[in-house]
Amino acid sequence: MRLASLRRLLAVFGLGLAVAACANEPPQKLLLPEITFENQPKLTFAASSVETIQEYQPSAQPPHIELSIPQPPSVVAARWTRDRVALDNSQQNRVTVIIKKAAVTEVDLKKTPGLRGSFTEDQIARFDTEVEMAVEIRDSRGFRVGEASAAARRSGSMSEKATLNDRDLIIHGLVRETMMDVNRELERNIRQYMPLYVR
């Protein structure tokens with residue numbers, strides 16, 4: 001075989017290997033936007049300090065998956081304080097945001113058995129999100145003078161044909177929608193039950 005022909009053969013062979021390598025590469029992990037409340041108006045409290053208390057401890061103990069997802073609801077709930085709470089420093093009160101629950105669980109679902117299962121696209125997992133938050137305001141002596149709370153739950157399932165990126169999208173959407181539910185209810189209850197301390 002001539003040298004030129006051998007070079008062409010090696011070049012084609014090398015290109016084939018490169019294409020095969022690209023085909024076998026795992027898909028790029030999806031970068032999901034940060035869940036925030038920056039587009040929401042501030043809730044301005046008649047207070048001079050604010051704190052967030054994480055009562056709920058995220059878990060990796062099945063069925064909990066809070067520690068293995070990009071944006072756990074406990075982190076998003078803490079952002080709520082940053083994005084929505086403002087202080088006017090008119091009184092020596094303290095605003096306390098308490099994250100009472102911020103759970104995400106994954107439950108395996110049964111597949112359709114037998115021959116029918118071969119022609120059925122099953123939902124193989126269900127994800128459940130549950131968030132509960134409270135806002136308290138205490139005076140300079142530490143007495144609670146106002147309180148409001150909110151809770152929300154959402155569920156969604158994943159098809160057996162879903163990719164890891166599809167899974168992340170489903171969970172991200174559930175966390176976002178659950179937190180937006182809590183956000184709306186919490187603001188409504190703050191304005192109803194703490195009207196003397198917020199504007």
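Keep in mind that this is a model prediction, so the values were computed, not measured.

(A) Just helix α2 (residues 73-84), in detail. Compared with an ideal rise of 1.5 Å per residue, which puts twelve residues at 16 Å, α2 spans 16 Å between its outermost C-alpha atoms and is within 8% of the ideal. Taken across its twelve residues, α2 has nine buried, putting it largely inside the fold. Regarding α2, the residues found buried are P73, S74, V76, A77, R79, W80, T81, D83 and R84. Where the residues of α2 are buried, they touch β1 (43-45), β2 (49-54), β3 (85-87), β4 (94-108), β5 (123-138) and α4 (164-193).

(B) Examining unusual backbone geometry more closely. Of note, the amide linkage connecting P62 to P63 takes the cis form, showing an omega dihedral of 10°. For P63, the location among the structural elements is in the loop between β2 and α2. With phi around 60°, N89 is a residue other than glycine that occupies positive phi space. Following the sequence through the fold, N89 ends up in the loop between β3 and β4.

(C) Layout of the environment of E187. Along the chain, the position of E187 falls in helix α4. The exposure class assigned to E187 is buried, which follows from its relative accessible area of 18%. Each C-alpha atom of the pair E187 and V135 lies 9.8 Å from the other, and the pair is 52 residues apart in sequence. Ignoring any residue separated from it by four or fewer positions in sequence, one finds E187 in contact with L43 and R84.

(D) Structural detail: the pairing of β4. Relative to β4, β2 runs parallel, the two being bridged by six bridges. Note that in β4 the partner of V50 across the bridge is V95. Across 14 bridges, the pairing between β4 and β5 is antiparallel. Paired with K101 across the bridge in β5 is E132.

(E) View of the nonpolar core. Counting 39 residues, the largest nonpolar core has F45, W80, M133, V135, V175, M179 and I190 as the members making the most contacts within it. Those elements that place two or more of their residues in this core are β1, α2, β4, β5, β6 (144-159) and α4. Looking at this core, the element that brings in the most residues is α4, giving eight residues. Once residues lying within four places of it in the same chain are set aside, the contact partners of V135 are F45, W80, V95, T96, V97, G146, E147, A148, L186, I190 and M194.

(F) Fine view of empty space enclosed by the protein. Evaluated as defined, the whole model comprises one cavity of 30 Å³ or more. For the largest cavity, the calculated volume is near 50 Å³. Every residue along the wall of the largest cavity is listed here: L32, I69, P70, Q71, D168, I171, H172 and V175. Here the residues of the lining of the largest cavity sort into five nonpolar, two polar and one charged.

What counts, and where the lines are drawn
Residues numbered from 1 in each chain as written. Predicted model: local features only at pLDDT ≥ 70, side-chain atom pairs only at ≥ 80, totals over all residues. Heavy atoms only, no water. Helix = DSSP H or I, 4+ residues; strand = E, 2+ residues; numbered from the N terminus. Expected span 1.5 Å × (residues − 1). Buried < 20%, exposed > 50% of the residue type's maximum accessible area, 1.4 Å probe, protein only. Contact = heavy atoms within 4.5 Å. Pairing = 2+ DSSP bridges. Core = buried A, V, L, I, M, F, W, Y, C linked by side-chain atoms within 4.5 Å. 1 Å grid on protein atoms, 1.4 Å probe; cavity = no way out; pocket = protein on both sides within 12 Å on 5 of 7 lines; lining within 4 Å. Points joined across faces, edges and corners; volume = space filled by probe spheres on them. Nonpolar A, V, L, I, M, F, W, Y, C, P; charged D, E, K, R; others polar.

Scope: geometric values only; no functional claims are made or implied.
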